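# Structural overview for review
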Amino acid sequence: MIILLSPEQPVADESAVVQALFERGLPLFHIRKYRLTDREMDAYVNGIDPAYRKQLVLHSHFHLAGDLGIERLHVREADRQQGNVQREAETGHFRLSTSVHSIAAFNSLEDRWDYAFLSPVFPSISKVGYGRDQTVLKELARRRESAVRLVGLGGIDETNFKQVWAAGADGIALLGAIWNRPQPIAVWDSIYKNDF
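Residues numbered from 1 in each chain as written. Predicted model: local features only at pLDDT ≥ 70, side-chain atom pairs only at ≥ 80, totals over all residues. Heavy atoms only, no water.

### A word on the overall build of the protein
As a reminder of what qualifies: Helix and strand definitions here come from DSSP, where helices need a minimum of 4 consecutive H or I residues and strands a minimum of 2 consecutive E residues; each element is numbered from the N-terminal end. Only C-alpha atoms enter the radius of gyration; for comparison, a globular chain is expected to reach 2.2 Å times N to the power 0.38, where N is the number of residues. Here the term buried applies to any residue with accessible area under 20% of the maximum for its type, exposed to any over 50%, and partly exposed to those in between, with areas from a 1.4 Å probe on protein chains only. In this analysis, two residues are considered to be in contact whenever any of their non-hydrogen atoms come within 4.5 Å of each other. Here the accessible surface of atoms and residues is derived via Shrake-Rupley with a 1.4 Å probe, and residues count as covered only by protein chains that are part of the display. Under the convention used here, Asp and Glu are negative, Lys and Arg are positive, and both His and the chain ends fall outside the count. Taken as the charge location is NZ of Lys, CZ of Arg, CG of Asp or CD of Glu.
A tally of regular secondary structure across the protein gives nine helices and eight strands. The C-alpha atoms of the protein give a radius of gyration of 16 Å, which matches the 16 Å a tight globule of 196 residues would have. Across its three principal axes, the protein shows a C-alpha extent of roughly 40 × 40 × 30 Å. Within the protein, the fraction of its 196 residues that count as buried is 52%. Considering only intrachain contacts with a sequence separation of at least 6, the fraction spanning at least 24 residues in the protein is 60%. Carbon together with sulfur atoms contributes 48% to the accessible area of the protein, which is approximately 9500 Å² in total. Charged side chains in the protein number 23 positive and 25 negative. The centres of these two groups are separated by 4 Å.

### Remarks on the nonpolar core
The nonpolar side chains of a soluble globular protein tend to be buried, and buried together. What counts, and what does not: Only buried Ala, Val, Leu, Ile, Met, Phe, Trp, Tyr and Cys residues count toward a nonpolar core, and they belong to the same one when joined by side-chain atoms within 4.5 Å.
Within the largest apolar cluster, 63 residues are counted, with the highest numbers of intra-cluster contacts made by I3, F29, L174 and I178. Per-element tally for this core: the top contributor is strand β6 (residues 113–118), with five residues.

### Notes on the pairing of strand β5 (residues 95–100)
Stated precisely, the cut-off is as follows: Two strands pair if DSSP finds at least two bridges between them.
Counting buried residues along β5, five of its six residues qualify, which places the element largely inside the surrounding structure. Here strand β4 (residues 72–75) pairs with β5 via four bridges, running parallel. When the sheet's bridge partners are listed, R72 is paired in β5 with R95. The sheet contact formed by β5 and β6 spans five bridges and is parallel. What sits directly across from T98, in β6, is A116.

### Some details on the pattern of salt bridges
In plain terms, the rule: The working definition used for a salt bridge is a side-chain nitrogen of Lys or Arg within 4 Å of a carboxyl oxygen of Asp or Glu.
Taken as a whole and assessed by the stated rule, the structure comprises 12 salt bridges. The closest approach of N and O atoms between R112 and E110, which form a salt bridge, is 3.9 Å. Classification of R112 as partly exposed rests on a relative accessible area of 34%. With a relative accessible area of 48%, E110 lands in the partly exposed category. Salt bridges linked by common partners bring R72, R95, D114 and R149 together as one network.

Written out as structure tokens, the structure is:
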């Protein structure tokens, strides 16, 4: 499984890149647009071909999910830890994912989570300095939770993605490797063709 996360800030040709990647086999697209108004989020989602609606995952604006036909929600680690899981996520009508930053946290997840991002696997491409001093790639060997899929996130690109699968991850998530590159579709193609 390969997942793409949106950039928080707008990127040139963002919708066109997302559309092209869906057409090339992108399984899931996480929408991380916390600062958008409800109207802007509605427009963003409706700017993506409705044929891919079931492959979209909201990180915010959960109250819009039903009207938009979105069936997947992502609950941030801090919100999960503080019990701030919004009622939309509690209803059981959605497939849920979350984030963790240690294998111990991953191993303690309940099976209500479809998958969890574990990061940073490598030093981040999009967040300068994040993961420079500590990464979690070697921690994957201590995985004990098998009901929740583990998705590596952070610093993953076309040069190192195979290491993440070799370490025991069920999938990878891309962010900076796509959005911080001048040829994002070529990067996707080089990873996807080597994976499938």
